[in-house]
Structures are given as C-alpha cells and as structure tokens.
Amino acid sequence: MGLVGMLVHASFDIALISVCLAGIRRSTGLTLQTSYLATKSHQRMLGFVVGVGERLFDISVAFMTAYPSVFRPLDIVRFEDLEKQSRHRCSKILSEPRWHIPDRSNSVQNMVVK
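Residues numbered from 1 in each chain as written. Predicted model: local features only at pLDDT ≥ 70, side-chain atom pairs only at ≥ 80, totals over all residues. Heavy atoms only, no water.

## Remarks on the side chain of Ser18
Within the element layout of this structure, Ser18 appears in helix α1 (residues 3-28). Polar contacts involving the side chain of Ser18 include one to the main-chain carbonyl oxygen of Ala15, which spans 2.8 Å. Every residue in contact with Ser18, bar those within four places of it in the chain, is listed here: Val49 and Gly53. (Helix = DSSP H or I, 4+ residues; strand = E, 2+ residues; numbered from the N terminus. Polar contact = N/O pair within 3.5 Å; in protein donor to acceptor, adjacent residues only side chain to side chain. Contact = heavy atoms within 4.5 Å.)

## Comments concerning helix α2 (residues 40-65)
Across its 26 residues, α2 extends 37 Å between first and last C-alpha, which sits within 8% of the 38 Å expected from 1.5 Å per residue. Of all the residues in α2, the buried ones are Gln43, Leu46, Val50, Gly53 and Glu54. The inward-facing, buried residues of α2 contact α1. (Expected span 1.5 Å × (residues − 1). Buried < 20%, exposed > 50% of the residue type's maximum accessible area, 1.4 Å probe, protein only.)

## Observations concerning the side chain of Gln43
Tracing the sequence through the fold places Gln43 in helix α2. With residues near it in sequence (within four places) discarded, Gln43 still touches Thr34, Ser35 and Leu37.

This is the structure we're talking about:
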C-alpha cells in the first residue's frame, strides 16, 4: 500500500474513532480531557478531530432521519425510564469481571533452583 493509501486508511480510522467519541459524548455526557496533552497545538488538534467527529455524527443522524422506513426512534415514554434503563445497563457492565489476572507465584521465573 502506498503512502496515499496509508493516509486515507489512517484518516478513515481517525474519523471513525472521532464519531464514536461524539456519540459517547452525546449519549452520556462524557468527554475527553485535553489537559493531559503536552502542548496547546496538540490540544487544538484533538479538539479539531473531535469537532469533525461531531459534524460527521450530525450528518449520519440527518441521513438516518431521512429514511424513517429503515431507521426508527426508540419509543420512550418518559426520560426517567430511559435513565433507569441506562444506569442499570452501565452498572451491569461495570460490575462484570473483565480481566483475569493469573497467579504467577508458582511460575518458572519465581522458582529458585538450589
């Protein structure tokens, strides 16, 4: 793959990640902290990428609303019901054990040969 192909691939990946971050921000309110970045130019660049993701998210939502036969909105009766449902899902996800850390006390590296 040539240089142009690699640039197109990388920019497409960055766009997908930024759209995902925009969706997370819109649905949960969580956003990136840019204060950990070293320079102001990096902070501005990250802000630009997230802004592009917001715009692409808006375009995709507009596209989806243009085709109501394919995409339909959720039937939300009350906002409180949606909030309870999302809190339940998030707490279930956070309570699941994700990482299994093996016990390495009996590994070959810790054994001492006398």
